[in-house]
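# Observations on chain architecture
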Amino acid sequence: MHPLVRTARTTGLLYLGLAIAGGLGFLLIRSQLFAADDPAATLANLVEHETLARAGVAFELLVVVTMALAAGWFYRLFRTADSFAAAGIAAFGLVNAVAILTSAAMLATALEVALKPMGDAAATVQLLYLLSANLWEVGALFFGLWLIPMGWCVLRSGWMPRALGWVLIAGGITYPLSAFVHYLVPGAQGVADALTLPATVGEIWMVGYLLVRGVGVRAREETPTATPAAV
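Not measured: the values here are computed from a predicted model.

A word on the overall build of the protein. On a plain count of helices and strands, the protein comes out with 11 helices and zero strands. Reading the helices (α) and strands (β) of the protein from amino to carboxyl end gives α-α-α-α-α-α-α-α-α-α-α. Against the 2.2 N^0.38 benchmark of 17 Å for 231 residues, the protein shows a C-alpha radius of gyration of 19 Å, consistent with a compact globule. With respect to the principal axes defined by its C-alpha atoms, the protein has extents near 65 × 35 × 25 Å. Going through the 231 residues of the protein one by one, you find that 47% of them count as buried.

A contiguous nonpolar surface patch, about 670 Å² in accessible area, is contributed by V138, I173, L177, F180, Y183, L184 and V185. No other element matches the five residues that helix α7 (residues 162-184) contributes to the nonpolar patch. As for its position among the elements, L184 is in helix α7.

Right, let's get into the side chain of T196. Here T196 lies in the loop between α8 (189-195) and α9 (197-212). Reaching out from T196, the side chain makes a polar contact with the backbone oxygen of D193 at a distance of 2.6 Å. Once residues lying within four places of it in the same chain are set aside, the contact partners of T196 are Y175 and S178.

Orientation of helix α6 (residues 147-157) relative to α7, taken along the N-to-C sense of each, is 165 degrees, at an axis distance of 7 Å. By the angle between their axes, α6 is roughly antiparallel relative to α7. Handedness of the crossing formed by α6 with α7: left-handed. Along its contact with α6, which presents L147, I148, M150, G151, W152, V154 and L155, the element α7 presents R162, G165, W166, L168, I169, G171, G172 and I173. Within the contact of α6 with α7, the residues separate by chemical class into 10 nonpolar, four polar and one charged.

The next thing to look at is helix α4 (residues 83-115). For α4, with 33 residues, the first-to-last C-alpha span of 48 Å sits near the 48 Å given by 1.5 Å per residue. Measuring from the backbone nitrogen of F84 back to the side-chain oxygen at the start of α4 gives 3.2 Å, which picks out D82 as the cap.

This brings us to the environment of V125. Of note, V125 is situated in helix α5 (residues 121-145). Residue classification places V125 among the buried residues on the basis of a relative accessible area of 0%. Considering only alpha carbons, one finds V125 and F34, 91 residues apart in sequence, at a separation of 9.5 Å. Sequence-distant contacts of V125, defined by excluding residues within four places in its chain, comprise T42, L43, L46, A110, V113 and A114.

Glancing now at the packing of aromatic side chains. Applying the stated rule across the entire model yields 10 aromatic pairs. With a centroid separation of 6.3 Å and 10 degrees between ring planes, the pair formed by F74 and F78 is classed as stacked. One end of the pair, F74, and the other, F78, are both in helix α3 (residues 50-78), four residues apart, so they sit about a helical turn from each other. Judged by its relative accessible area of 0%, F78 falls in the buried class. For the pair F92 and F142, a centre-to-centre distance of 5.9 Å together with 45 degrees between the ring planes defines the contact as tilted. In this pair, F92 sits in helix α4 while F142 sits in helix α5, placing the two residues 50 residues apart along the sequence. According to the relative accessible area criterion, F142 is partly exposed, its value standing at 27%. Through pairs of rings, three or more aromatic residues link up here, namely Y15, F74, F78, F143, W146, W159 and Y175.

About the cut-offs
- Residues numbered from 1 in each chain as written.
- Predicted model: local features only at pLDDT ≥ 70, side-chain atom pairs only at ≥ 80, totals over all residues.
- Heavy atoms only, no water.
- Helix = DSSP H or I, 4+ residues; strand = E, 2+ residues; numbered from the N terminus.
- Rg over C-alpha atoms; globule rule 2.2 N^0.38 Å.
- Buried < 20%, exposed > 50% of the residue type's maximum accessible area, 1.4 Å probe, protein only.
- Patch = residues over 30% accessible without salt bridge, like charges linked within 9 Å, V, L, I, M, F, W, Y side chains within 5 Å.
- Areas by Shrake-Rupley, 256 points an atom, 1.4 Å probe, with all protein chains shown as cover.
- Salt bridge = Lys/Arg side-chain N within 4 Å of Asp/Glu carboxyl O.
- Polar contact = N/O pair within 3.5 Å; in protein donor to acceptor, adjacent residues only side chain to side chain.
- Contact = heavy atoms within 4.5 Å.
- Axes fitted to C-alpha atoms, helices over the stretch in contact; angles between N-to-C directions.
- Parallel < 35°, antiparallel > 145°, perpendicular 65-115°, else oblique.
- Left-handed = near helix turned anticlockwise from the far one by under 90°.
- Nonpolar A, V, L, I, M, F, W, Y, C, P; charged D, E, K, R; others polar.
- Expected span 1.5 Å × (residues − 1).
- Phe/Tyr/Trp six-rings, centres within 6.5 Å; stacked < 30°, edge-to-face > 60°.

Set out below in structure tokens:
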């Protein structure tokens, strides 16, 4: 296997791991523990489902690990195509990883407060979960922004379909906009959700291409076999 294809597929696996960890932790587990309008219910859920709550923290940590590693592997993959844009992917990815790392600390603290109550435990737990959710929301700025240099690298390298590059760039613009809509126009959640669609399409396409094709034939022909192996 060409080393560049191996790097691409490793990147795809990390990106897929990021998606799975985020989906299980943020979308599935959180929804079973957090009651938006009932702090007492959130507290009770944490106490009654301690194992699930701990799994939620673990999945957030897994998001951090896979995000950081994927950022590094994207840099390794694209640095010969455009080192500045590749560094942008890594930088934006790492900033988002820090945001989710802070969110994980919030969830861990909420569980500790629930198991060893102090003061108004229900209010404290609810506040920590709200802070965690907003860290995900503001972190979306950088999760979206990393798609712009990613798309640019696709276009610049010519290793993948150009349409994929443009979809990623579009997603990198609209995904951060969804965060602004969420805060500025609270009643327009449907619009905010719609703005994330280009990013979702681009990410699924990117993961699939990395795992199935790795990189196009052109990349294998242009890149000497020994070069990636020396990285």
